[in-house]
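Listed below are the residues making up each chain.
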Amino acid sequence: MADKSKLTDQDRSFYEWQLDVPGMGDEGQTKLRNTTALVTRIGGLGGPMALSLAAAGIGKLILVHGGNLEPSDLNRQVLMRHDDLGTPRVLSAAKTLRALNPNIELETIESHVTANNVDDLVAKADIVFDAAPRFSERFWLNAACVKTGTPMIDAAMYSMEGQVIVIVPGATPCLACLYPEEPSHWKRRFPVLGAVSAMIGNMAVLEGIKLLTGIGKLSLGEMLYLDTLTMGLRKIAITRRSNCHVCQP
Amino acid sequence: METEIPITMAYAGQLAGVVGASEETAPVPLGTELTSFLRDTALRHGEKFQELLFDENEQLRRALVISIDGKHALDPKALSLTKPCEIFIMTPIAGG
Ligand SMILES: [Zn+2]
């Protein structure tokens, strides 16, 4: 069996341009290769997340998404192909990712995150990338990650803005500290430009890679908020709720 | 004479769209309660803005993210404006 603690010559040939990133080296790359990342869902945010994680050489990707590809998905879903219209999105995504990097392991789940499957899904992962468009899914993931101590990078966007939050159970406030309840007036439909969702998705991946490899300064306990109309980046210090029903005993 | 302090309001996407600007500064009487200031602000900006900030019982929506000088305000109802500051308000967003 191959020694997974060392990079192979093939690894080096694939990743040589990023091995030179300060702090990455063999050690950082090996950490990525030994990581299982769960990405849900595979849309405007989650697609670019999965793409960048696959390109960076994450060991295993678990892609979670229910439903088939529709024409209106294609303005932002970079893993999808026109020929795959009407077929499961997660399979279309896996096909593209396999073509990009055949050396990573892929698992596809043709379902959204639910209250019933969330614990099993999170248990399989070392890190969760949350791009779910419903607050209920985000809250289930948050609770499961806090319970298991699994780090979660939560990303969200609306029109020309987006946000990324790094949640490290025990070290940072959680999503329920920021949103103590499901927004009652929030509507599922929102404007999306593919370049914006890709940018926010990639901000989330960068935070994830920093967390996994130890490169740079992680935005712990902060919400990163990017307004692409002005390219203004805000960092909002999130406060832990002393009575948070998820992360407080 | 009542002392006034400059308060800058910064709005994220949806709110900025309704206001037509991402930022505005206004003089506010020292010690004004934050909720009362936001209620006045909402009255100035019309029904859509009010709906984004307040629920049907006219309570500040709990899922708003309000930060003051970059720090998330956990309990905005308990706050008063005692010094010049920037208040950033975001309506909840998800997905993409
Ligand atoms: Zn919490």
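We now turn to the structure provided with this report. (Residues numbered from 1 in each chain as written. Chains lettered and ligands numbered in written order. Predicted model: local features only at pLDDT ≥ 70, side-chain atom pairs only at ≥ 80, totals over all residues. Heavy atoms only, no water.)

1. Examining the pattern of salt bridges
All names here are of chain A.
Okay, step 1: Enumeration according to the criterion identifies 17 salt bridges over all chains in this entry.
Okay, step 2: One salt bridge connects E137 with R41, and the closest N-O pair in it is separated by 2.4 Å. Linking E137 in helix 6 (residues 135–148) with R41 in the loop between strand 1 (36–40) and helix 3 (46–56), this pair joins segments that are 96 residues apart in sequence. Judged on exposure class, the residue E137 and its partner R41 are both buried.
Okay, step 3: One salt bridge in this structure joins R138 and D154, with 2.6 Å as the shortest N-O distance. Highlighted residues: R138 in helix 6 and D154 in strand 5 (residues 152–158), separated in sequence by 16 residues. Note on accessibility: R138 and D154 belong to one class, buried.
Okay, step 4: Each of the salt bridges in this network shares a partner with another, and the network as a whole consists of K60, E105, E107 and K124. (Salt bridge = Lys/Arg side-chain N within 4 Å of Asp/Glu carboxyl O. Helix = DSSP H or I, 4+ residues; strand = E, 2+ residues; numbered from the N terminus. Buried < 20%, exposed > 50% of the residue type's maximum accessible area, 1.4 Å probe, protein only.)

2. As for the coordination of the zinc ion
Residues and elements named next belong to chain A.
Okay, step 1: Around the zinc ion, the protein contributes the donor atoms C174 (SG), C177 (SG), C244 (SG) and C247 (SG), at 2.3 to 2.4 Å from the metal centre.
Okay, step 2: One can describe the site at the zinc ion as tetrahedral: its four donor atoms subtend angles covering 95 to 126° at the metal.
Okay, step 3: Read in sequence order, the donor residues coordinating the zinc ion give the pattern C-x2-C-x66-C-x2-C. Residue C174 is located in the loop between strand 6 (161–167) and helix 7 (175–178), and its partner C247 is located in the segment after strand 8 (232–237); the two are separated by 73 residues in the primary sequence. Both residues of the pair, C174 and C247, belong to the buried class. (Donors = N, O, S within 2.8 Å, 3.2 Å for Na, K, Ca; no water. Tetrahedral: all angles 85-135°; square planar, octahedral: opposite > 155°, others 65-115°.)

3. Remarks on the nonpolar core
Side chains that are nonpolar tend, in soluble globular proteins, to be buried together.
Okay, step 1: The biggest cluster of nonpolar side chains holds 86 residues, and the ones touching the most others in it are L61, L63, C174, I200 and M223 of chain A.
Okay, step 2: Residue contributions to this core peak at seven residues, all from helix 8 (residues 194–213) of chain A.
Okay, step 3: Here C174 of chain A is in contact with N142, V146, I167, C244, V246 and C247 of chain A, once residues within four sequence places are set aside.
Okay, step 4: Among the nonpolar cores identified, the runner-up in size contains 24 residues, and I5, M9, Y11 and L64 of chain B belong to it. (Core = buried A, V, L, I, M, F, W, Y, C linked by side-chain atoms within 4.5 Å. Contact = heavy atoms within 4.5 Å.)

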